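Breakdown of the fold
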Amino acid sequence: MSLNDVIKKRRSVRKYLPQMVPTDAVLEVLVAAGWAPSAHNSQPWRFIILENPSVKRQLAEAMADAWAADVEKDGGKIDAKIRQERVDRFANAPALILACTVMDGLRKFSDQQRQMFERDLSQQSLGAAMQNLLLTAHALGFGACWFCAPGFCKETVRKVLGIPEAVEPEAFVIIGYPAETPTLPPKKHIGEYCFRDMWGLKL
């Protein structure tokens, strides 16, 4: 496939065959992630490959509890079936990777606002790495999906996995042999999101 084909044909796959992904393939997509551009060449991403089935389930259960607690704060309640589906999605993932950010290599500022901008740079950099990862997984014939769930319960993830305070959990990536072929989701025309010089001057 050409690069253009890889970009246009990649899909977010949520259903997988019950078959493990070879370790070499997981490492290959992570090497590709590491070639992404990053602010100040800080490479502020950290990836944790989760392999132990009991740890994956423990983490998925703890995250589901945190999710339920958040929903209850808003006066809602999670359906038991939906909760179990979420738990099983991560616990049974053929390959589960936790994507994190760090501030190593980024600049230190005395004022909070500029320091927050540097934190934004770490997340932008991780986004570039994640895109490399997803495209490489697709090019190798795997399905993959990016889930932001860990970002909503960072302390829960830290506690279960014993992650240091300086490492910030951001997202999951599931990789596996696809058991579905998702259809193309609606995409905006370039004229809807790209402008010349200022707002109102569409391409």
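Each chain carries its own residue numbering, running from 1 in the direction its sequence is written. Only residues with pLDDT of 70 or above have their local features reported here, since the model is predicted, and side-chain atom pairs are shown and tallied only from 80 upward, although totals for entire chains, interfaces and linings are computed over all residues. Only hydrogens and water are removed before side-chain values are computed, so all heavy atoms of the structure are retained for them.

A word on the overall build of the protein
Strands are runs of DSSP state E lasting at least two residues, helices are runs of H or I lasting at least four, and both sets are numbered from the N terminus onward. Counting its regular elements, the protein contains 7 helices and 4 strands. When the helices and strands of the protein are read in sequence order from the N terminus, they spell out α-α-β-α-α-β-α-β-α-β-α. Each residue gets one of three labels from its accessible area relative to the maximum for its type: buried under 20%, exposed over 50%, partly exposed in between, using a 1.4 Å probe on protein chains only. Within the span of the protein, comprising 203 residues, buried residues form 37% of the whole. Contacts are assigned to residue pairs that have any heavy atoms within 4.5 Å of one another. The contacts of the protein with a sequence gap of at least 6 include a subset with a gap of at least 24, amounting to 75%. As presented, the protein carries roughly 12400 Å² of accessible surface, and 55% of it is formed by carbon and sulfur atoms. In this tally, Asp and Glu contribute negative charge and Lys and Arg positive charge; neither His nor the terminal groups of the chain are included. Note that the charge is assigned to NZ on lysines, CZ on arginines, CG on aspartates and CD on glutamates. Each charge sign in the protein was given a centre, from 26 positive and 23 negative side chains, and these centres are 5 Å apart. Under the convention used here, a 1.4 Å probe and the Shrake-Rupley method define accessible areas, while residue burial counts only the protein chains that appear.

Side note on the side chain of Glu168
In this fold, Glu168 is placed in strand S4 (residues 168–176). One polar contact links Glu168 to Arg119, side chain to side chain, over a distance of 2.5 Å. A distance of 2.5 Å separates polar atoms of two side chains, one belonging to Glu168 and the other to Lys154. Non-local contacts of Glu168, meaning those with residues more than four positions away in its chain, are made with Ala99, Cys100, Thr101, Arg119, Lys154 and Arg158. In the analysis that follows, any N or O atom pair within 3.5 Å is treated as a polar contact, provided that within protein one partner can donate a hydrogen and the other can accept it, and provided that, for residues neighboring in sequence, both atoms belong to side chains.

With respect to the sheet that holds strand S2 (residues 95–101)
If DSSP finds at least two bridges between two strands, the strands pair. Strand order in the open sheet formed by 4 strands is S1-S2-S4-S3, and the pairing between neighbours is antiparallel. Whereas interior strands pair on both sides, the edge strands pair on one side only; in this sheet they are strand S1 (45–50) and strand S3 (143–147). Across the sheet, the mean angle from the axis of one strand to that of its neighbour is 25 degrees, orientation sign disregarded. Packing of helix H4 (residues 80–91) onto the sheet brings it into contact with S2, S3 and S4, and relative to S4 it is tilted by some 75 degrees. Inter-axis angles, ranging from 0 to 180 degrees, are taken between N-to-C directions of lines fitted to C-alpha atoms, where helices are fitted over the stretch in contact.

A closer look at helix H5 (residues 112–139)
Here the expected length of a helix is defined as 1.5 Å per residue gap, with one fewer gap than residues. Its 28 residues place the ends of H5 41 Å apart at the C-alpha level, agreeing with the 40 Å of an ideal helix rising 1.5 Å per residue. Along H5, the residues that are buried comprise Glu118, Ser122, Ser125, Leu126, Ala129, Met130, Leu133, Leu134, Leu135, Thr136, Ala137 and His138. Along its buried surface, H5 packs onto helix H1 (3–9), helix H2 (23–34), S1, S2, S3 and S4. Two residues or fewer past H5, Gly141 is found with a positive phi of approximately 95 degrees.

Some points on the packing of H2 against H5
For the pair H2 and H5, interaxial distance at closest approach is 7 Å and the crossing angle is 145 degrees. Like other packed secondary-structure pairs, H2 and H5 cross with a definite hand, here right-handed. Every residue of H5 that contacts H2 at Glu28, Val29, Leu30, Ala32 and Ala33 is listed here: Ala129, Asn132, Leu133, Thr136 and Ala137. Charged means Asp, Glu, Lys or Arg here, nonpolar means Ala, Val, Leu, Ile, Met, Phe, Trp, Tyr, Cys or Pro, and polar covers whatever is left, Gly included. Here the contact of H2 with H5 is built from residues that sort into 7 nonpolar, 2 polar and 1 charged. Left-handed describes a crossing whose near helix is turned anticlockwise from the far helix by less than a right angle; the clockwise case is right-handed.

Observations concerning the packing of helix H3 (residues 53–73) against helix H6 (residues 154–161)
Relative orientation of the contacting elements H3 and H6 amounts to 155 degrees, with a least axis distance of 10 Å. The angle between H3 and H6 falls in the class roughly antiparallel. Our pair here, H3 against H6, has a crossing hand that is right-handed. Here H3 contributes Val55, Gln58, Leu59, Ala62, Met63 and Ala66 to the contact with H6, which in turn contributes Thr156, Val157, Val160 and Leu161. Taken together, the residues that form the contact of H3 with H6 break down as 8 nonpolar, 2 polar and no charged. Note on terminology: angles under 35 degrees are roughly parallel, angles over 145 are roughly antiparallel, angles of 65 to 115 are roughly perpendicular, and the others are oblique.

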